Each structure stands twice: as structure tokens, then as C-alpha cells.
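Okay, here's what each chain looks like letter by letter:
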Amino acid sequence: MRREFKLPDVGEGLTEAEIVRWHVRPGDEVKVNQIVVEIETAKSIVELPIPWDGQVTGLLADEGQTVDVGGPIIAIETGEPADPQTAALAEDLVPAPPAEGAVEPGAHGSPAPKEERQAVLVGYGVKTGATRRRTRRTTSTIPADPVANPSRVELEGPPSGAAPQPATATGAGRAALAKPPVRKLAKDLGVDLATLTGTGPQGSITREDVRAATASQPQPEPQAQAQPQAGEERIPVKGVRKMTAQAMVASAFTAPHVTEFLQVDVTETMDAVRRLRTLPDFAEVKVSPLLLVAKAVLTAARRHPMINSSWDEAAQEIVVKHYVNLGIAAATPRGLVVPNVKNAHQLSLPGLAAELAQLTETARAGRTQPAEMAGGTITITNVGVFGVDAGTPILNPGESAILAFGQVRDMPWVVDGALAVRKVTTLALSFDHRVVDGELGSLFLRDVGAMLEDPLRMLAWS
Amino acid sequence: MTVDASRGADAPPELVQLLTPEGERVEHPDYDIDLTPEEVRSLYRDLVLVRRVDLEAVALQRQGELGIWASLLGQEAAQIGSGRALTDADMAFPTYREHGVAWCRDVDPVKLLGMFRGVNHGGWDPKEHNFHLYTIVIGSQTLHAVGYAMGIQRDDATAATIAYFGDGATSQGDVNESFIWASVFNAPIVFFCQNNQWAISEPLEKQTRIPLYRRASGFGFPGVRVDGNDVFACLAVTRQALKNAREGQGPMLIEAFTYRMGAHTSSDDPTRYRVASELEAWKLKDPIERVKAYLFKNELADQAYFDSIEAEADQLGADLRARCLAMPDPEPLAIFDHVYSEPHALIDEERAQYAAYLEGFER
Ligand SMILES: Cc1ncc(C[n+]2csc(CCOP(=O)(O)OP(=O)(O)O)c2C)c(N)n1
Ligand SMILES: [Mg+2]
């Protein structure tokens with residue numbers, strides 16, 4: 001039997017979620033409680049287990065797509081014989097939102113369907129779903145005088161046989177019915193609730209009603225939701241893109257950035273990387289030039305603690321950190337993330353190598369958790385992997401310095417008065433000029449460069 | 001300031017442990033326990049089965065079948081150890097996370113699910129199981145528990161009360177008031193605090209400056225910290241504390257030092273406020289693995305035994321799932337049933353009105 005799994009409300013009152021990643025494909029066999037998909041809700045990333053054994057026959061929503069709670073997302077052939085009765089029951093645990101303009105069951109004399117289980121257990125339930133009510137008997141045993149019994153009126157559904165009439169909120173001298181968030185929305189948008197006709201349950205005014213009212217008002221500004229022009233594509237800003245944008249704007253327009261550059265002969269560093277790889281202590285871990293750049297940054301930060309600090313605007317203080325949570329900017333399938341190695345200053349070199357490997361692997365897999373991105377104190381961005389020499393990096397918010405590490409390439413270089421072919425890279429350091437002056441920034445950058453030119457200096461300054 | 005005269009405020013906290021994370025049996029001068037192989041195996045079985053119940057409930061929530069669920073993952077030993085220390089006559093007052101204790105009180109797990117599915121308002125008869133209903137209002141049950149303990153005292157009965165609460169709850173006025181009443185009246189109660197290190201997203205250091213168990217001395221009764229992931233130690237210490245209470249020696253605070261390995265509830269995302277390495281560190285102290293290691297090392301159980309428990313757990317999970325989905329919707333009028341223990345005129349009137357209202361619909 002084909003069953004459709006519908007997006008549940010996994011977090012007390014959510015109305016939608018984005019499909020982040022499918023773990024299965026059509027044709028795959030699945031078992032009860034096997035994780036089939038990751039979704040991102042307003043609250044968190046959540047893995048969803050499938051409730052049946054069977055075979056995946058179709059994925060009904062794409063990665064990146066936002067689905068309403070109650071919308072079907074995956075179809076499974078369970079192999080059970082199709083029993084129309086139980087099938088209807090099981091499949092309608094969460095009713096799909098009815099199509100726009102759907103008629104309420106039971107109204108207009110259409111037969112009311114058998115009562116279905118609606119397992120939206122908390123919160124606001126499916127987004128656009130009409131409230132399903134049983135039909136009232138024509139001869140009501142309840143006195144239906146709205147004045148004598150105002151509270152009763154709200155409990156009743158529309159009378160059977162009649163089309164549901166949106167109650168006029170202002171009718172009968174009653175105050176407009178609307179939930180507090182809707183009232184807030186109306187206030188924010190300058191809409192007078194008393195002028196609206198509610199389309200929600202018991203004639204209450206919904207968000208949509210309020211929005212519709214603003215839409216019908218003359219619009220001085222063009223609509224935010226613009227239509228794509230021919231040859232253009234419009235991508236909604238959300239998720240990592242949105243976070244990146246907010247962070248970059250916050251940083252770029254609060255911290256005055258200065259960027260300095262230094263070209264460095266890293267032949268010795270590249271050689272040191274090769275030699276480290278042969279040591280048994282590094283047998284299990286990946287040794288890359290980034291490891292030595294990280295070590296150089298940690299060593300230089302100890303020599304110049306002010307570089308590893310943050311500006312506390314509220315307190316009008318500079319907070320100098322005597323620990324380093326070393327951020328590494330990573331390009332991931334979902335966009336830029338900057339996880340940090342906590343207490344990197346305390347790690348041995350193999351320990352640091354292991355942490356860096358773990359962190360980049362987690363980031364690439366798209367599994368970096370917010371706590372792992374929080375609390376960074378200084379950041380390295382390895383732009384060299386993109387095949388470029390340098391950039392002017394923007395600070396990770398709350399930090400005072402970021403080092404960009406360019407590609408390493410063979411370049412003509414003067415060694416002892418003669419031209420030689422050497423491994424050369426470019427370092428670019430951006431710093432927050434409120435905290436760090438040109439002198440300190442230069443000292444720090446020079447020290448990092450000096451250690452990469454001659455890694456022995458790392459030992460000397462450790 | 002003297003916090004603990006005998007040890008001094010700065011002494012490192014002491015932890016009662018009888019079974020190390022590696023499954024080594026260790027001795028403790030004040031608390032010990034003599035368990036037959038059969039008893040150890042049955043503790044192991046309980047731990048595995050309640051974890052499985054919890055796992056199934058988490059999955060059911062993710063499938064839209066439960067409104068919310070508070071996972072006990074990581075706290076199995078604290079709950080099974082203390083729960084198994086109770087006698088039938090003792091009375092337990094849980095929070096919302098005590099699924100393991102409920103198990104020990106013979107509450108059918110499907111009844112726990114019923115409440116989180118919204119088809120009942122509590123699900124079991126507290127008197128039948130001597131296990132009070134789940135309590136969501138943080139810490140309030142400690143006052144009920146003390147009141148109950150004072151009742152036991154006044155009945156001259158031989159029983160004790162145990163009140164469960166979390167580390168966060170210790171910041172509530174209710175809990176502190178209950179400590180005072182228990183102490184002053186020498187009530188037969190054990191305060192069992194599962195310090196799982198977090199109160200939703202608030203870490204322990206935001207709740208206290210001293211180890212929680214040392215709070216007890218300020219109220220005038222003993223406090224002890226036990227390895228909450230060690231089922232032997234939890235059983236031994238709780239058994240002793242309950243015995244003391246029944247014998248008229250008054251209250252005791254047990255701080256079970258443990259870890260909430262999952263989210264606070266299914267609505268929470270702990271990755272937003274705690275680092276993955278913390279969880280990894282606690283995984284090494286898993287409450288079930290150490291019992292398994294102990295059984296294995298001492299040849300008290302073989303692979304066939306472990307496999308049979310696994311199979312039993314899977315069966316339990318599948319059965320629980322089926323019974324959860326089959327739970328009928330509540331009878332609307334049931335909401336009036338347990339408001340008062342005796343007939344009540346206003347409730348009767350409201351019930352009649354509501355019945356008439358329901359009658360107004362076609363069937
Ligand atoms: C009186 C009260 N305040 C706040 C809440 C919201 N709340 C629910 S759980 C919780 C944290 C409880 O933490 P803890 O006592 O450590 O127990 P745990 O959930 O960790 O088992 C809070 C604040 C509540 N339920 N009751
Ligand atoms: Mg807690």
C-alpha cells in the first residue's frame with residue numbers, strides 16, 4: 001500500500017519547515033524509525049524518522065523547498081494490502097491543507113466525511129487548513145440568542161445547510177476578534193481592526209486579513225515580493241545565506257576595517273609540513289600548511305594579546321581574551337560557516353591538527369552546530385584554496401582580526417642577492433581599527449610572516 | 001561563611017560511586033550494596049528497556065504522533081536505581097521526565113505517551129501505583145511531596161516519600177520552602193535531584209555557586225552526591241536514605257550527578273547552546289554500558305543474554321508504537337471526572353451543560 005508521510009509539527013506550533021537533505025532515494029528500502037530526512041524549522045535542524053517499513057517510491061519535496069506542516073514529503077510502498085478504511089485513517093493523521101477556496105466539509109449539504117484523526121497536536125496546526133467541524137443539528141437544543149449567550153456563539157460552527165458566512169467582526173457591537181499577535185501586526189501596519197471582516201474561525205481576523213487590508217491600501221513603495229524579470233532569477237534569502245549577510249553587514253558597518261598585506265617566502269614552511277607528515281605523532285592526522293599558519297597565529301596572538309580581543313560597545317570596554325577560540329572560515333555546500341577550535345591555545349600541534357581536520361570535515365558535511373560557531377576570538381580564512389593570492393576579509397563579528405592566507409605558488413624571489421624560485425604566499429590581515437592600531441596590526445602580521453618564513457621561530461617564540 | 005562545617009566550603013565535592021564507567025566494582029565506606037547476579041541482570045534489563053521506550057517516544061514525536069516528549073536519555077541509572085529502591089508503600093512525586101521511575105512503579109509506558117499525545121490528562125491512577133502524576137510546574141511537586149510525607153508521619157505509617165526534581169528546580173522558591181518544611185517537621189522524605197547539568201539552555205553554574213548536595217546542610221539535613229550514571233550507587237544511596245526516612249531520621253537530599261544526553265524536550269535544540277564535545281565526554285560515562293561491561297567481565301551474562309534483551313526491547317518498542325497509535329480519542333466529558341474527589345455541584349452543572357452542547361451535533 002502506498003503511504004505518504006506528511007510533515008509533522010515537531011516543535012510546538014511550527015507551521016512550516018525547509019527540507020535540508022534527503023537521506024534516502026526512490027527505490028531505497030526503509031525500516032521503521034530510520035532517519036529519512038533532515039528538516040530545518042524556525043527552531044532547529046531536526047531529523048525525521050519514517051513510521052513504516054517499506055520502499056521509497058517518491059520524494060515529494062525538493063531539498064531547499066519549504067513545506068507547510070501537513071504537506072506530504074515522501075511516499076512509501078509498505079507492502080501491506082490496501083485497506084481503504086485504515087488507509088484513510090493512517091494517511092490523514094495530518095490532513096493536507098485544503099486547496100484555496102475549498103468548501104468546508106459538511107457545508108452546502110455535501111456529505112461530511114467520516115471524522116478523521118488530526119494529529120497536529122499542539123500549536124497552530126496546519127497553515128491554511130480550515131477548521132473541520134461537525135455539523136450542528138438543525139434543531140439546536142441550545143438557546144442561540146447571541147445577546148443572551150455571547151460565549152456560546154463562539155463555540156458554534158456555521159449552521160448546517162448554509163454556506164459559512166464570515167462573521168462581521170464589528171457586527172452586534174462586539175469588539176473585533178483577533179489573537180494578540182494579529183493585533184500587534186495590525187498595529188504595526190497601521191490597520192484598524194474594526195474596519196476588517198474576519199475570515200478566521202468564529203469570524204476572527206487572521207494575519208492574512210490584516211495583510212490583505214494593507215495590500216488594498218495605496219502602496220507608496222513597490223511591493224517587496226517583486227516578480228522576476230525575464231532572464232532573472234529570484235532566490236529567497238534564508239538559512240546560512242541570511243546569517244552570513246547579517247553578520248557581514250553587522251561587522252562591516254560597525255568595525256572600521258583596515259587591511260594590510262605581506263608576501264612571504266614559505267619554502268621552509270612547506271618543507272616543515274613534509275617533514276612533520278613523516279613523524280609518528282602525525283601519522284593519524286592531516287598536516288597541511290594551514291596547520292602551521294594556525295600555529296603561527298596562535299603564537300603571534302600570545303605575543304600581542306590585544307589582537308585577540310573584542311570591542312564591547314555597551315560597556316565601552318575592550319575585552320582582551322587570554323584564550324583563543326580559533327575560527328576557520330569554511331566554504332560548505334550550504335554557504336560560508338566559521339566554526340572555531342575552542343581553546344586552541346592549549347592544544348599540542350597534533351591536537352590542533354586533529355581538531356582542524358574534524359572541524360573542516362564537520363563543516364563540509366554541513367553539520368556544524370551553532371555552538372561550534374559561537375565564541376570565536378580570531379579567524380583564519382584560507383582563500384588560497386580558491387586559487388587566489390589575497391583578499392580583504394571582513395571580520396567575524398565580535399572579533400578584532402582576521403587573517404587571509406592566499407595560494408602558495410612558485411615565484412621568482414631574491415635569496416642572498418640572487419634570483420631563485422621559491423614557494424611564496426600572500427597574507428592579508430584585516431583588523432578593527434577601534435581596537436588595533438596600524439602598528440600593532442603590522443607587528444602581528446610581520447610576526448606571522450616571520451614564523452612562516454622560518455618555522456624555527458615558532459619554537460623560539462612558543 | 002561556613003557552608004559545611006565538617007569539610008569546609010572549598011573541599012572538592014565527593015561522589016559516591018560503586019561502579020566505574022569501565023565497569024569496575026569499587027567500594028565505598030558509607031554505602032555498599034550486595035547484589036546477586038540475577039539482580040544485576042534485571043537492573044540491566046530495566047535500563048535497556050526504558051531507554052528503548054524513550055527512543056520510541058522520541059521517534060513518535062518526530063512523526064507527529066506526540067505533541068512533545070521530554071527524553072530521559074542518559075538519566076536511566078538515576079531513575080532505575082532510585083525507583084528500584086522504593087517499596088510499594090513509598091510514594092513518588094515525579095517531574096515530567098521520570099519515565100524510568102514510572103517503569104519501576106509499574107505504570108504502563110503507553111499511559112505516559114497518552115498524556116503527551118493529548119488523549120488523557122495524566123493517564124494513571126496515582127494511588128494505584130503510588131506514583132503521582134507528572135508535574136510540569138517546576139519544583140511544585142516537592143511541596144506536595146513534603147505534605148504527603150507529613151501525612152505519613154501523622155498516620156504513623158511506615159513509608160517514605162521521594163520527590164524528584166532537576167538542578168534548575170533548586171532555584172525555585174517552592175523547592176527551598178519544601179526543604180524548610182521537611183527539615184523542621186523531620187518529614188520522611190528523600191529529595192532526589194537529578195543534576196543533569198542543564199535547565200533547558202541554562203548551565204548548572206547559573207544555578208549555584210556550591211555543589212547542590214551541600215545546600216542541604218544549610219537547611220539542616222544531610223546531602224550526598226552520587227554518580228547518577230551508576231545504577232548500583234543510586235540504588236544503594238536511595239535505599240539507605242529511604243530507610244532512614246522511614247525510621248524517623250528525617251529528610252535527605254540526594255544529588256544524582258548525571259547528564260541530559262538529549263534535547264530538553266522535542267521542541268529544543270541543544271546544539272544552539274552546548275558544544276558537541278561535552279556530549280562526547282559524557283557518552284564515555286554511559287549508564288548502561290558500564291553495567292554491560294560489568295556483567296561481561298564477571299561472566300554474569302553472555303552475548304546470547306544481551307541479544308535476548310535487545311530483542312525484548314525491540315518488541316517492546318514495536319508494541320508501544322502500535323498501542324500508542326491505537327489509543328482512542330478521549331471521551332469529552334472525562335475532563336470533569338477527576339476535578340474533585342467528591343461530588344461537586346458546580347462541576348455537575350458544567351458537565352450537564354457541556355453534555356447538552358455536545359448533543360447539539362449530529363453524530
Ligand atoms: C515554574 C516554572 N517555571 C518555568 C518553567 C519552564 N521550564 C520548563 S522545564 C524548565 C527547566 C527545568 O530544569 P531542571 O529543573 O534542571 O530539570 P530538567 O528539565 O533538566 O530535567 C523550565 C524553566 C516551568 N515549567 N515551570
Ligand atoms: Mg536539569
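Conventions adopted
- Residues numbered from 1 in each chain as written.
- Chains lettered and ligands numbered in written order.
- Predicted model: local features only at pLDDT ≥ 70, side-chain atom pairs only at ≥ 80, totals over all residues.
- Heavy atoms only, no water.
- Helix = DSSP H or I, 4+ residues; strand = E, 2+ residues; numbered from the N terminus.
- Buried < 20%, exposed > 50% of the residue type's maximum accessible area, 1.4 Å probe, protein only.
- Contact = heavy atoms within 4.5 Å.
- Areas by Shrake-Rupley, 256 points an atom, 1.4 Å probe, with all protein chains shown as cover.
- Pairing = 2+ DSSP bridges.
- Axes fitted to C-alpha atoms, helices over the stretch in contact; angles between N-to-C directions.
- Salt bridge = Lys/Arg side-chain N within 4 Å of Asp/Glu carboxyl O.
- Donors = N, O, S within 2.8 Å, 3.2 Å for Na, K, Ca; no water.
- Near = heavy atom within 4 Å.
- Polar contact = N/O pair within 3.5 Å; in protein donor to acceptor, adjacent residues only side chain to side chain.
- Nonpolar A, V, L, I, M, F, W, Y, C, P; charged D, E, K, R; others polar.
- Lys, Arg positive; Asp, Glu negative; His and termini not counted.
- pLDDT = per-residue confidence, 0-100.
- Parallel < 35°, antiparallel > 145°, perpendicular 65-115°, else oblique.
- Left-handed = near helix turned anticlockwise from the far one by under 90°.
- Expected span 1.5 Å × (residues − 1).
- Core = buried A, V, L, I, M, F, W, Y, C linked by side-chain atoms within 4.5 Å.
- Arc of directions from axis to C-beta.
- Phe/Tyr/Trp six-rings, centres within 6.5 Å; stacked < 30°, edge-to-face > 60°.
- Lys NZ or Arg CZ within 6 Å of the ring centre and 35° of its normal.

A. The arrangement of the overall build of chain B in detail. Along its length, chain B carries 13 helices and 7 strands. The burial tally for chain B puts 54% of its 363 residues in the buried class.

B. Region of the structure containing the overall build of chain A. In terms of regular secondary structure, chain A is built from 11 helices and 18 strands. Looking at chain A as a whole, 40% of its 462 residues qualify as buried. Taking as baseline every contact in chain A between residues at least 6 positions apart, the subset at least 24 positions apart corresponds to 63%. Looking at chain A as shown, the accessible area adds up to about 24800 Å², and 54% of this sits on carbon and sulfur atoms.

C. View of the sheet that holds strand β2 (residues 16–22) of chain A. All names here are of chain A. The strand order across the open sheet formed by 4 strands is β5-β4-β2-β7, and the pairing between neighbours is antiparallel. A strand with exactly one partner marks an edge of an open sheet, and here the two such strands are β5 (45–49) and β7 (66–68). The average angle at which neighbouring strand axes cross in this sheet is 40 degrees, direction not considered. In terms of strand pairing, strand β4 (residues 35–40) meets β5 through 5 bridges, oriented antiparallel. By the bridge assignment, V37 is partnered in β5 with L48.

D. The arrangement of the pattern of salt bridges in detail. All names here are of chain B. Under the counting rule described, the total for this entry stands at 35 salt bridges over all chains. Its salt-bridge partner being D32, residue R25 comes within 3.4 Å of it at the nearest N-O pair. When its relative accessible area of 28% is taken as the criterion, R25 is described as partly exposed. Note on D32: relative accessible area 40%, which makes it partly exposed.

E. Structural context of the coordination of the magnesium ion (ligand 2). Residues and elements named next belong to chain B. Only D167 (OD), N196 (OD1) and W198 (O) from the protein coordinate the magnesium ion (ligand 2), and they sit 2.1 Å from it. Mapping the donors of the magnesium ion (ligand 2) onto the primary sequence gives the spacing D-x28-N-x1-W. Of this pair, D167 sits in the loop between β2 (161–166) and α7 (173–185) while N196 sits in the loop between β3 (189–195) and β4 (198–199), and the two are 29 residues apart along the sequence. Take N196: its relative accessible area is 5%, and that puts it in the buried class.

F. Inspection of the environment of M150 of chain B at higher detail. Residue and element names in this part refer to chain B. Relative to the elements of secondary structure, M150 occurs in helix α6 (residues 140–155). Overall, M150 belongs to the buried group, its relative accessible area being 12%. On a C-alpha basis, the gap between M150 and A182 in space is 8.0 Å, while along the polypeptide they are 32 residues apart. The residues contacting M150, other than those within four sequence positions of it, are W181, F185 and A187.

G. Local environment of the site of ligand 1. Residue and element names in this part refer to chain B. Near ligand 1 lie 15 residues; those nearest to it are Y96, R97, G168, N196 and W198. One of the backbone N or O atoms of G168 is found 2.8 Å from an oxygen atom in ligand 1. The residue makeup of the shell around ligand 1, split by class, is 8 nonpolar, 5 polar and 2 charged.

H. Quick peek at the side chain of E98 of chain B. Residue and element names in this part refer to chain B. Mapped onto the secondary structure, E98 falls in the loop between β1 (91–93) and α3 (99–104). Here E98 sits buried without a salt bridge, and the closest side chain of opposite charge, R97, lies 6.1 Å off (N-O distance). At 2.7 Å, the side chain of E98 and the side chain of Q194 are in polar contact. With residues near it in sequence (within four places) discarded, E98 still touches Q79, F131, Y134, Y164 and Q194.

I. Fine view of the confidence of the model for chain A. Residues and elements named next belong to chain A. For chain A, mean pLDDT is 81; residues scoring 70 or higher make up 78% of the total. Here residues 87–118 is modelled with pLDDT under 50, and outside its nearest four sequence neighbours on either side it reaches 52 contacts, counting other chains as well. Across residues 122–131 the pLDDT falls below 50, and counting only partners more than four positions away or on other chains, this stretch makes 26 contacts in the model.

J. Structural context of the packing of helix α7 (residues 289–303) of chain A against helix α10 (residues 438–453) of chain A. Residue and element names in this part refer to chain A. Remark: α7 packs on α10, axes separated minimally by 9 Å, with the N-to-C direction vectors making an angle of 135 degrees. Classified by the angle between their axes, α7 and α10 sit oblique to one another. Crossing handedness for the pair α7 and α10: right-handed. Side by side, α7 and α10 meet where L292, V293, A296, V297, T299, A300, A301 and R303 of the first sit next to F444, D447, V448, M451 and L452 of the second. Broken down by class, the residue content of the contact of α7 with α10 amounts to 10 nonpolar, 1 polar and 2 charged.

K. Representation of helix α8 (residues 349–364) of chain A within the structure. All names here are of chain A. Here α8 contains 16 residues, and its C-alpha end-to-end distance of 22 Å stays within 8% of the 22 Å for a straight helix at 1.5 Å per residue. Every buried residue belonging to α8 is among L352, A353, L356, L359, T360, T362 and A363, and all of these are buried. Its side-chain oxygen placed 3.0 Å from the backbone nitrogen of G351, S348 serves as the N-cap of α8. One or two steps after α8, the chain reaches G366, where phi turns positive at roughly 75 degrees.

L. Expanded view of the nonpolar core. Ranked by size, the top nonpolar core spans 71 residues in total, and within it Y44, L113, F232 and I254 of chain B carry the most contacts. Not counting residues up to four positions away in its chain, the partners in contact with I254 of chain B are V190, F191, F192, C193, V224, V226, V237, T238 and A241 of chain B. Counting 45 residues, the second largest nonpolar core, distinct from the first, contains M270, F282, I328 and L352 of chain A.

M. Summary view of the confidence of the model for chain B. Residue and element names in this part refer to chain B. Averaged over chain B, the pLDDT score is 94; the fraction of residues at 70 or greater is 97%. Scored below 50 in pLDDT, residues 1–7 shows 9 contacts in the model against residues more than four places distant or in partner chains. As a predicted assembly, this complex carries a pTM of 0.66 together with an ipTM value of 0.79.

N. Spatial organisation of helix α3 (residues 180–189) of chain A. Residue and element names in this part refer to chain A. All buried positions along α3 are accounted for by V182, L185 and A186. Buried residues in α3, looked at end-on, bunch into an arc of 100 degrees, giving them a common side. Turned more than 90 degrees away from the buried face of α3 sit P180, K184, K187 and D188, all of them exposed.

O. Fine view of the side chain of T362 of chain A. Take T362 of chain A: it is sitting in helix α8. Leaving out residues up to four positions away in the same chain, T362 of chain A has contacts with R367, T368 and E372 of chain A.

P. The arrangement of the environment of A354 of chain A in detail. As for its position among the elements, A354 of chain A is in helix α8. Along the primary structure A354 of chain A and V285 of chain A are separated by 69 residues, whereas in three dimensions their C-alpha atoms are 5.6 Å apart.

Q. Up close: the packing of aromatic side chains. Counting across every chain of the model gives 27 aromatic pairs over all chains. Aromatic pair F219 of chain B and F221 of chain B: ring centres 6.4 Å apart, planes at 35 degrees, arrangement tilted. Taken together, W69, F116, W124, F131 and Y134 of chain B form an aromatic cluster joined through their ring pairs. The cationic tip of R303 of chain A hangs over the ring face of W461 of chain A; the distance from NZ or CZ to the ring centre is 3.8 Å. Just above the ring of W282 of chain B sits the side chain of K285 of chain B; from NZ or CZ to the centre is 4.1 Å.

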